[in-house]
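Geometric and topological summary
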Amino acid sequence: MTHQPSATGIGASVKRVEDLRFIRGRGRYTDDINLPRQAYAHFLRSPHAHARIKTINTEKAKSASGVVMVVTAVDLAKLGGLPCGWLIHSRDGSPMKEPKHPVLAEGTVRHVGDPVVAVIAETVAQARDAAELVEIDYEALPAVVDMAAAVSGAAPIHEAAPENVCYDWHLGDEAATDTAIAQATHVATLDLANNRLAPNAIEPRCYIGDFNSATGEHTLYTSSQNPHVIRLLMGAFVMQTPEHKIRVVSQDVGGGFGSKIYHYAEEALVTWAAAQLNRPVKWTSDRSEAFLSDAQGRDHKTRVELALDKDGKFTALRVRTLANMGAYLSTFASVIPTYLHGTLMAGNYTTPAISVGVKAVFTNTVPVDAYRGAGRPEATFLIERVIDLAAQETNRDPAELRRLNYIKPSQFPYQTPVALTYDTGNYERTLDMALAAADYKGFAARKAEAGSRGKLRGIGIASYIEACGIAPSNVAGALGARAGLYECGTIRVNPTGSVTVMTGSHSHGQGHETTFAQLISDKLGVPFDQIDIVHGDTARIPFGMGTYGSRSLAVGGSALVNAAEKIVAKGKKIAAHMLEVSEEDVEFDAGIFKVAGTDRQKNFGEVAFQAYVPHNFPLETLEPGLEETAFYDPKNFTYPAGVYVCEVEVDPDTGVVRVEKFCAADDFGKIINPMIVEGQVHGGLAQGIGQALLEHCVYDGDGQLITGSYMDYAMPRADNLPTFQVETTDQPTPCIHNPLGVKGCGEAGAIGSPPAVINAIVNALADLGVTHIDMPATPQTVWRAIQSARNG
Amino acid sequence: MYDFQYARPANIVEARAALSGSNEAVLMAGGQTLIPTLKQRLRKPSVVVDLGSVRNLGEVQIMKDKIMIGAMATHANVAASPILAKRLPALAALAGGIGDPHVRARGTIGGSIANADPAADYPAAVVALNADIVTDRRTTAADSFFKGLFETTLARDEIVTSIHIKVPEKAAYAKFPNPASRFALVGVFVAKFKDNVRVAVTGAGPSVFRLPDMEKALAQSFTPDALVDIAVSPDRLNSDIHAAADYRAHLIGVMARRAVAACG
Ligand SMILES: Cc1cc2nc3c(=O)[nH]c(=O)nc-3n(C[C@H](O)[C@H](O)[C@H](O)COP(=O)(O)OP(=O)(O)OC[C@H]3O[C@@H](n4cnc5c(N)ncnc54)[C@H](O)[C@@H]3O)c2cc1C
């Protein structure tokens, strides 16, 4: 097919159609849904990080005004635990330790916020009042908070994991790595932490369980990134109810960032309780509960060693990481530090020998799982930090050290030593673009000028690569995934020629209703405003794996392209019948079916109408209707990459860091909507800069969350951020294995920016002898680094 | 929140009557502190007495050599007051730096000082400006009004009605915001009067306090350099994840010098 560039087709910055309802307050979030006779659940959560529950007395609560049900673990004996979706094997071949994650605590609580009792009442206030009447007698147990302590003799949190280790995983060639490190001219060694983050979607989690006693069908309205996955996990593992009796609806969702991928206890509880009570049950998290119950992100402690030869070529990388799982395994917790982290250790570089070992550790803290970037930010941070350290220690320009070690365009496809095969890329081009945008050459003058004002100016570079669009089901399956990773899309052409698209991808801020409509408009030649995108309802969409890991366009969009091709093929059959020619003679372009070499044609609308009014169809060879479904299973990950350059000024008197300039050059392959892509990068950068400078979940030694509200958990705000200079490369390297050539852009900003910011801060302080700063680089942290450098 | 009665008195007499009706009655001004504590079920008042309808409680007026600010003056009104812009811009700037536009539209000076949050901005100003705090029954000098963490000399049923401020020759406030809450991690208000200088610090300790050493040095020479050699002791300063006591002590010095410099 050939394409005329159109105002609403591929490549156009179409304004987001969904924003019309969002900015006018007409979105339909789960909390906006209220069902007749709805009751409200309130969860009583553990105030202890670790305790044995001696007794629970719910008598007074049960008889309190408005209470319809009080639930404890005893009532849930028939329910299974919350499952983990990915089985990781330790390097000795043993399967990971997978202790039960009950819906409500069974005899032991393991983190502050662990749900113990659910009180269901006519109103939220009554449920809360009654919850205060529940008496729980706890016997406090020592809390295990620090990962190093957890793995060195602390009492076990789970009987099933005696050393608090979930798995001890390894990837790469350890012997070759050790040898290369022993023989290296220089080895840069860094101990670093990747700070724990709270996801903080604007819309807190919200669920409504409903039950139809006539049909036996459960409906769960949920604020989720992947309703079909929730149906699968909740149905098969927790409720033990088949899919056809469960409908999961997840309409407008106000942000997820990973935290709404997982199946949560509260979802199962409202679904179960609605059936018990035969009336709807709703639960809406408040912000304080979100801090204590939404799966958190990151939280790694790592030692990384990078070996260089005399020319500065990387010869080996050794990584040893402790990854915090929190108190239980969340849905995808196990795969984040392994196959989404360890496999990224080559970064953008030709490092020949890599050994990465990850120990996943249980602690008495909120479970940890994917958060925007999921494993790849942690990998990128340690690689890009240790490269800067190596540059600092060997007196090399950090830009040139990267350039020297980049995988060159001619080397693709490139097989890394850590399992991945990168299909395409041109890292040097994004480096040159970012350096030019940042005026890297002019930095010395800016630094001198800042110095004259008493400020320390620094510049930092980070390259990143990510593996997106996860990815072939056969590979995922071989690596332990308990599900496939494909996507499904259905295109329904209505009799009057308008189009309804059902996608298994899920939009919770990404703008799919616009991007996907552009795609379909382009492929079918149907006007943009004649296309509706439907997502988030297992009753309307055949199947779906949802949205995370920047997979919607690369996988979900590709499924739609395949479905569109099937529509065109069927359309040609119908047109051939209408035009009384053979199918092979019909061509399709821009919404017109045409007999090749003639001016005889039928437009898309005429064909659609005929499909549903088949008065003289040869029914043996031509079915009525025009609706097609495709499942697309990618052949590989996609590999977006880019280079970010950050410039900061540090106030040495206070330690305050200001980001003065931030330039991004990204290669996302083909781009459907440049404006949406830019917005995705902006959002990612804000979150990445937030991680670098502000955000931190802090627990005290007893496992109490100190940063349990915005009084102490610092979110990035507009005045923490500069005006971003964001561009996509002028020499894109489209993905070669998906039909769109797209790579994914949702996480890049959050992946590449933390090391760029920290590299810039360390660069600003390098003259003082500072070589590393942990995130978040708060004023106090930076001030202390300056003090100890000056005194030290 | 728990259930409570709601009273909306039209004047101070009615307000006092509503307050004395129950030991668990509580005043509400802008509600920016009170309502969140109610929502979190941290307080269980019998009656909430809303000062919002009491007339003439939110004015900013000139009274001879003083400026009178009504207890119900919102931060937004103080920030935008033409009188303050001319006579005491440092106070208008302080109010304009509190919270966000929503908070400034509701929060009041009376509520702020009555609440005596250790990280609130206003206490530094009223102490440095040697203000009088006028209530329905007496007048108290700011120096003796603040007693400790969330503690003042106010009786349970006492109502702040206005704050009277003597206009200094020069004044400035330098705030180092908490990176998360943006309350004052350390805030230093410096006021230079004809015959003395007053320096008050908020955010750093359990309650606002003055720095006599700095005041003396500045009375000699009102320049940032006059403060360079004055070390602030970290003893008894607050420590939390954002700033340990030694860092706060250091910031007091930096903010004090910046405030003096800003006085011009
Ligand atoms: C998001 C947010 C950010 C904020 N940021 C800042 C900041 O940066 N700096 C800062 O200083 N403050 C900040 N605040 C606090 C806010 O500005 C108010 O000053 C504070 O909440 C109290 O004022 P109010 O009028 O809302 O009092 P209320 O909440 O109504 O009352 C607070 C207390 O004072 C008592 N009270 C109120 N009025 C009187 C009176 N006239 N006489 C006697 N007692 C009275 C009440 O009984 C109550 O106990 C912030 C608040 C929020 C919610």
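Residues numbered from 1 in each chain as written. Chains lettered and ligands numbered in written order. Predicted model: local features only at pLDDT ≥ 70, side-chain atom pairs only at ≥ 80, totals over all residues. Heavy atoms only, no water.

**Side note on the nonpolar core**
Residues and elements named next belong to chain A. Core analysis: the largest hydrophobic core is formed by 168 residues, its most contacted members being Val-103, Tyr-422, Phe-662 and Ile-761. The element that contributes the greatest number of residues to this core is helix H18 (residues 748-765), accounting for 10 residues. Beyond its immediate chain neighbours, meaning those up to four positions away, Val-103 contacts Leu-76, Leu-79, Gly-80, Leu-82, Pro-115, Val-238, Ala-265, Ala-268 and Leu-269. Ranked by size, the runner-up nonpolar core spans 45 residues in total, among them Ala-12, Val-501, Phe-516 and Ile-533. (Core = buried A, V, L, I, M, F, W, Y, C linked by side-chain atoms within 4.5 Å. Buried < 20%, exposed > 50% of the residue type's maximum accessible area, 1.4 Å probe, protein only. Helix = DSSP H or I, 4+ residues; strand = E, 2+ residues; numbered from the N terminus. Contact = heavy atoms within 4.5 Å.)

**Overview of the environment of Ala-29 of chain B**
All names here are of chain B. The topology assignment puts Ala-29 in the loop between strand E2 (25-28) and helix H2 (34-39). On the accessibility criterion, Ala-29 (16% relative accessible area) is buried. Discounting residues that sit within four places of it in the chain, Ala-29 has contacts with Asp-50, Met-72, Arg-106, Thr-108 and Gly-111.

**Observations concerning the sheet that holds strand E28 (residues 724-728) of chain A**
Residue and element names in this part refer to chain A. The strand order across the open sheet built from four strands is E18-E26-E27-E28, with neighbouring strands paired in mixed fashion. The open sheet is flanked by strand E18 (456-465) and E28, the only strands paired with a single partner. Ignoring strand direction, the axes of neighbouring strands in this sheet form an average angle of 10 degrees. The pairing of strand E26 (residues 641-650) with strand E27 (residues 657-667) spans 10 bridges and is antiparallel. Bridge pairing in E27 links Val-650 to Val-657. Contacting E26, E27 and E28, helix H17 (residues 674-693) crosses the sheet at an angle of about 130 degrees to E28. (Pairing = 2+ DSSP bridges. Axes fitted to C-alpha atoms, helices over the stretch in contact; angles between N-to-C directions.)

**Things to note about the site of the ligand**
All names here are of chain B. Around the ligand sit 31 residues, and of these Leu-27, Gly-31, Gln-32, Thr-33 and Thr-108 come closest. A distance of 2.8 Å is found between an oxygen atom of the ligand and a backbone nitrogen or oxygen belonging to Gly-30. The backbone of Gly-99 places a nitrogen or oxygen atom 3.2 Å from an oxygen atom of the ligand. Burial of the ligand by the protein amounts to 89% of the accessible area it has alone, namely 960 Å². Elements with a minimum of two residues in the shell around the ligand: E2 and helix H7 (109-115). No other element matches H7, which puts four residues into the shell around the ligand. Considering only residue class, the shell around the ligand consists of 15 nonpolar, 11 polar and five charged. Here the shell around the ligand spans two domains, and each of domain 1 (5-53) and domain 2 (60-262) adds at least three residues to it. (Near = heavy atom within 4 Å. Polar contact = N/O pair within 3.5 Å; in protein donor to acceptor, adjacent residues only side chain to side chain. Areas by Shrake-Rupley, 256 points an atom, 1.4 Å probe, with all protein chains shown as cover. Nonpolar A, V, L, I, M, F, W, Y, C, P; charged D, E, K, R; others polar. Domains from an automatic or database assignment.)

**Some points on the pattern of salt bridges**
Under the definition given, this model contains 59 salt bridges over all chains. One salt bridge connects Arg-247 of chain A with Asp-537 of chain A, and the closest N-O pair in it is separated by 2.8 Å. Taken together, the positions of Arg-247 of chain A in strand E11 (residues 246-249) and Asp-537 of chain A in the loop between strand E21 (531-534) and helix H15 (552-579) put the pair 290 residues apart, joining distant regions of the chain. On the basis of relative accessible area, Asp-537 of chain A is assigned to the buried category, the value being 5%. For Arg-137 of chain B, the salt bridge identified is with Asp-136 of chain B, shortest N-O distance 3.0 Å. With a relative accessible area of 41%, Arg-137 of chain B lands in the partly exposed category. When its relative accessible area of 15% is taken as the criterion, Asp-136 of chain B is described as buried. (Salt bridge = Lys/Arg side-chain N within 4 Å of Asp/Glu carboxyl O.)

**Focus on the domain arrangement of chain B**
Residues and elements named next belong to chain B. Its domain assignment divides chain B into domain 1 (5-53) and domain 2 (60-262). Each of domain 1 and domain 2 has a C-alpha centre, and these two points are 26 Å apart. Taken together, the 15 residues of domain 1 in the interface contact 14 residues of domain 2. Across the domain 1 to domain 2 interface the summed buried area is about 1,100 Å²; carbon plus sulfur atoms make up 62%. Notably, a salt bridge pairs Arg-16 with Asp-136, separated by 3.0 Å at the nearest N-O pair. In this structure, the connection of domain 1 to domain 2 is made through four residue pairs in polar contact (both at pLDDT 80 or more). Every element with two or more residues in the side of domain 1 that touches domain 2 is listed here: helix H1 (12-20) and E2. The greatest single-element share of the side of domain 1 that touches domain 2, amounting to five residues, is contributed by H1. The residue makeup of the side of domain 1 that touches domain 2, split by class, is seven nonpolar, seven polar and one charged. (Buried area = accessible area lost by both parts, 1.4 Å probe.)

**Re the packing of aromatic side chains**
Evaluation of the coordinates by the stated rule reveals 28 aromatic pairs over all chains. Ring centres of Trp-783 of chain A and Tyr-247 of chain B lie 4.9 Å apart, and the angle between their planes is 40 degrees; this geometry places the pair in the tilted category. Within this pair, whereas Trp-783 of chain A is found in helix H19 (residues 779-791), its partner Tyr-247 of chain B is found in helix H11 (residues 245-263), the two belonging to separate chains. Note on accessibility: Trp-783 of chain A and Tyr-247 of chain B belong to one class, buried. The ring of Tyr-264 of chain A carries Arg-205 of chain A above its face, with NZ or CZ at 3.7 Å from the centroid. Looking at Lys-44 of chain B, its charged tip hangs above the ring of Tyr-2 of chain B, at a distance of 4.7 Å from the centre. (Phe/Tyr/Trp six-rings, centres within 6.5 Å; stacked < 30°, edge-to-face > 60°. Lys NZ or Arg CZ within 6 Å of the ring centre and 35° of its normal.)

**Looking at the sheet that holds strand E12 (residues 184-192) of chain B**
All names here are of chain B. The strand order E11-E12-E13-E14 describes an open sheet built from four strands, whose pairing is antiparallel. Of all the strands in the sheet, the pair left with one neighbour each is strand E11 (170-177) and strand E14 (209-210). The pairing of E11 with E12 spans eight bridges and is classified as antiparallel. Of the residues in E12, the one forming a bridge with Ala-174 is Val-188. Against the sheet, helix H5 (residues 89-96) contacts E11 and E12, and its axis sits at roughly 20 degrees relative to E11. Packing of H11 onto the sheet brings it into contact with E11, E12, strand E13 (197-202) and E14, and relative to E12 it is tilted by some 40 degrees.

**Here's the deal with the domain arrangement of chain A**
All names here are of chain A. Domain boundaries assigned for chain A yield domain 1 (19-27 + 486-632), domain 2 (33-141 + 202-255 + 260-293) and domain 3 (378-466 + 637-790). One C-alpha centre belongs to domain 2, the other to domain 3; they are set 39 Å apart. With eight residues of domain 2 at the contact, the number on the domain 3 side is nine residues. With both chains or domains summed, domain 2 and domain 3 bury close to 580 Å², and 62% of this area falls on carbon and sulfur atoms. Across the domain 2-domain 3 interface, the total number found is two residue pairs in polar contact (both at pLDDT 80 or more). A per-class count over the side of domain 2 that touches domain 3 returns five nonpolar, two polar and one charged.

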